[in-house]
Amino acid sequence: MTIKPSERHRQLTVGEVAARSGVAVSTLHFYENKGLIQSERNRGNQRRYSREVLRRVAVIKVAQRTGIPLASIAEALSTLPQGRAPTAADWRRLSAGWKEDLDERINKLIGLRDQLNTCIGCGCLSMQDCPLRNPWDELSEQGPGPRLLDPVADAD
């Protein structure tokens with residue numbers, strides 16, 4: 001979709017931003033409340049967004065899909081100048097900062113996955129050591145069986 005030169009500087013309504021970005025109006029309000037995006041108010045006190053907000057919303061959504069917490073996204077976006085869309089160079093810098101965190105979380109998940117074959121339900125059979133949920137078999141004092149995975153046993 002090509003934008004007419006006369007439309008380039010026209011601000012967008014919240015509904016237009018929602019339609020173009022694929023996020024709900026309530027999500028845009030939430031992002032604004034968290035300081036991730038900004039709007040201005042017109043004379044009728046309605047929100048109006050500059051077009052650069054579309055790129056910011058795209059960055060937010062991609063970062064969220066990779067599991068980056070909103071606080072980290074907000075911190076990263078605060079390093080960008082207001083009034084312009086994030087550039088490819090901005091994205092490389094932001095994503096490089098998130099890559100280390102993602103690598104660390106991936107390694108933790110791989111470790112958990114590799115330990116799953118030794119886990120049989122936290123407390124089951126009085127395991128001496130459960131590296132996932134019941135280190136040092138603390139739950140064995142509550143009785144036999146899977147103390148965290150079996151709601152019937154927990155009701156005893």
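Up top you'll find the structure we're talking about.
Residues numbered from 1 in each chain as written. Predicted model: local features only at pLDDT ≥ 70, side-chain atom pairs only at ≥ 80, totals over all residues. Heavy atoms only, no water.

Looking at unusual backbone geometry
You will see that Asn45, though not glycine, has its phi angle at about 65 degrees, which is positive. Mapped onto the elements, Asn45 comes out in the loop between β1 (40-41) and β2 (47-48). What makes Asn45 exposed here is its relative accessible area of 52%. (Helix = DSSP H or I, 4+ residues; strand = E, 2+ residues; numbered from the N terminus. Buried < 20%, exposed > 50% of the residue type's maximum accessible area, 1.4 Å probe, protein only.)

Here's the deal with the environment of Ala74
The residue Ala74 is located in helix α4 (residues 70-77) in this model. A relative accessible area of 22% places Ala74 in the partly exposed class. Residues Ala74 and Ile37, 37 residues apart in the sequence, show an inter-C-alpha distance of 9.0 Å. Each residue touching Ala74, except ones within four places of it in the same chain, is listed here: Lys34 and Leu36. (Contact = heavy atoms within 4.5 Å.)

Regarding helix α1 (residues 14-21)
Every buried residue belonging to α1 is among Val14, Val17 and Ala18, and all of these are buried. Around the axis of α1, the buried residues are gathered within 100 degrees of arc, so they sit on the same side. Close packing links the buried residues of α1 with α2 (25-33), β2 and α3 (52-65). Residue Gly22 follows α1 closely and has a positive phi angle near 80 degrees. (Arc of directions from axis to C-beta.)

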